[in-house]
Amino acid sequence: SPDHKITIYEKSAEIGGLLSSYHREGYAIEKFYHHFFSGDTHFLHLLEELGLKEKILWLNGSTGTYQNGRIYPLTTPLEILRYPHLTIADKFRLALFTKKITSYDPEQLDTISAEKFLTGQLGERIYRSFFRPLLNSKFGQNADTISAAWVVSRVAIRSDRGTGGERLGYLERGFSSFIDRLSEKIRQYGGEIRTNTPVLQLSREEQGWLVNGEPYDGVIATIAPALLRACGPDIPDIPYQGAACLTMGLSRPVTRGIYWINLYDDAPYGAVIGHTCFAPRAWYGEDIVYLASYYNTAPAPDLQELMIRDFCRKFSIQRDEITWAALTTDPCAGPLYQAGYKERLRTVTVPGLILAGMFSEENYPERSIEGSVRAGLRAADEITRRQERTGVME
Ligand SMILES: Cc1cc2nc3c(=O)[nH]c(=O)nc-3n(C[C@H](O)[C@H](O)[C@H](O)COP(=O)(O)OP(=O)(O)OC[C@H]3O[C@@H](n4cnc5c(N)ncnc54)[C@H](O)[C@@H]3O)c2cc1C
């Protein structure tokens, strides 16, 4: 709002965080694959406010799995029927489960593990052969501890399907226009964006806060509790996991036209994302593929090489067909939504500090761009209310 003077501290050279992009010659591409959903109403409204409504595209996200050395497309009803690793009865049970998914209240399922819940609902075989590999690619060694609340909301959000695949939102030529437009707007309203400026010290004073020694009336924090704690505030921890994402330019398509392939075979990545089977290849002049993985302990120093070697072998690619490759890792890529997460979340507060990071209420039971926008709106509202109450911000 133009009524407040705001300063954004960003430790990296550019803003955007997980949603930032590589700027290649002629195009920009997100460092971590992103799309949005039709229910992301606050984000869609923000796009409109920023004059980006015309850039919203609804595209088909096709899916498949890679298992026992083969790609299985799983988008159309016929492909699902032909899939040999589940019986007809299993597929029927899965379809029924998906149909009634919105009747579950995620909060009621928070303390139950996905393993216990799904085994109870669908049986051991469907859990082991279908859900476990998915959870594994998303949470690694923590797969069995993840809350049923996360799974239920995840399946529900991903049920906007037609016969061509899931309907997913993307911005024409990527999200970098969103980040650019947002920064322009912040500056237009008199806000200051300080890149390459990490917050190193944050302390509460009688009349407000000191950030790296500079006084402010109020502070909104959007970083992980562990990072915040390193700046001074005594905040209980909440476990996060890291993400590693390799982006590659390729001279030909390699995913058999599929956008999203979950790896069920052992690999140093959990999913292969054929970005140009989703967004038009013409924007890039080459194929773009992501190899994605999540981690809990520091990733191998030669992870990029390990990923490329495995990918070339599994997908029959010659090295010289890869035109460029870049790996980005982020140790705080999202909270670990383990059983009991919600209860734990209630303890994660710092008096007087407004928290709007990926662990905030709005990002339960899964963090998202929409969750961050909603957390931002709540934070702005809280600042306004505090000011109305006391005349100054606490
Ligand atoms: C692989 C992957 C895929 C995803 N796909 C989707 C998707 O398809 N759709 C979707 O809705 N969501 C997706 N998400 C989630 C989405 O990216 C996040 O929910 C959202 O971007 C979080 O935004 P944020 O600003 O809260 O946090 P972040 O993007 O993490 O931003 C935090 C910022 O704080 C900065 N920072 C850290 N420490 C300091 C410090 N001490 N001082 C100053 N600055 C600091 C960081 O550099 C960063 O810029 C995905 C996430 C990942 C990892």
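Rules used in this analysis
Residues numbered from 1 in each chain as written. Predicted model: local features only at pLDDT ≥ 70, side-chain atom pairs only at ≥ 80, totals over all residues. Heavy atoms only, no water. Helix = DSSP H or I, 4+ residues; strand = E, 2+ residues; numbered from the N terminus. Rg over C-alpha atoms; globule rule 2.2 N^0.38 Å. Contact = heavy atoms within 4.5 Å. Patch = residues over 30% accessible without salt bridge, like charges linked within 9 Å, V, L, I, M, F, W, Y side chains within 5 Å. Areas by Shrake-Rupley, 256 points an atom, 1.4 Å probe, with all protein chains shown as cover. Salt bridge = Lys/Arg side-chain N within 4 Å of Asp/Glu carboxyl O. Buried < 20%, exposed > 50% of the residue type's maximum accessible area, 1.4 Å probe, protein only. Pairing = 2+ DSSP bridges. Domains from an automatic or database assignment. Buried area = accessible area lost by both parts, 1.4 Å probe. Polar contact = N/O pair within 3.5 Å; in protein donor to acceptor, adjacent residues only side chain to side chain. Nonpolar A, V, L, I, M, F, W, Y, C, P; charged D, E, K, R; others polar.

Quick look at the overall build of the protein
So, step 1. Helices and strands together make up the secondary structure of the protein, namely 11 helices and 19 strands.
So, step 2. Computed over its C-alpha atoms, the radius of gyration of the protein comes to 22 Å, within 12% of the 21 Å expected for a compact globule of 394 residues.
So, step 3. By its C-alpha atoms, the protein is 65 × 50 × 40 Å across when sized along the principal axes.
So, step 4. For the protein, the proportion of contacts with a sequence separation of at least 24, taken over those separated by at least 6, is 70%.

Details of a nonpolar patch on the surface
So, step 1. Taken together, the side chains of Leu78, Leu81 and Ile88 make up a nonpolar region of the molecular surface, amounting to roughly 320 Å² of accessible area.
So, step 2. Its location among the elements puts Leu81 in helix α2 (residues 77-82).
So, step 3. Exposure remark for Leu81: the relative accessible area of 54% places this residue in the exposed category.

Looking at the pairing of strand β10 (residues 202-205)
So, step 1. Bridge analysis of β10 against strand β11 (residues 208-211) gives 4 bridges, and the strand direction is antiparallel. If you follow Glu205 over to β11, its bridge partner there is Gly208.
So, step 2. Between β10 and β11, which pair antiparallel and follow one another directly, the connecting turn spans 2 residues.

Let's talk about the domain arrangement of the protein
So, step 1. For the protein, the domain assignment lists domain 1 (76-163) and domain 2 (240-335).
So, step 2. Averaged C-alpha coordinates put domain 1 and domain 2 at centres separated by 24 Å.
So, step 3. Each partner contributes residues to the interface: domain 1 has 10 residues there, and domain 2 has 6 residues.
So, step 4. Carbon and sulfur atoms make up 47% of the surface buried where domain 1 meets domain 2, a total of about 800 Å² over both sides.
So, step 5. Applying the counting criterion to the domain 1 and domain 2 interface returns 4 residue pairs in polar contact (both at pLDDT 80 or more).
So, step 6. Among the residues making up the side of domain 1 that touches domain 2, the classes are represented as 5 nonpolar, 4 polar and 1 charged.

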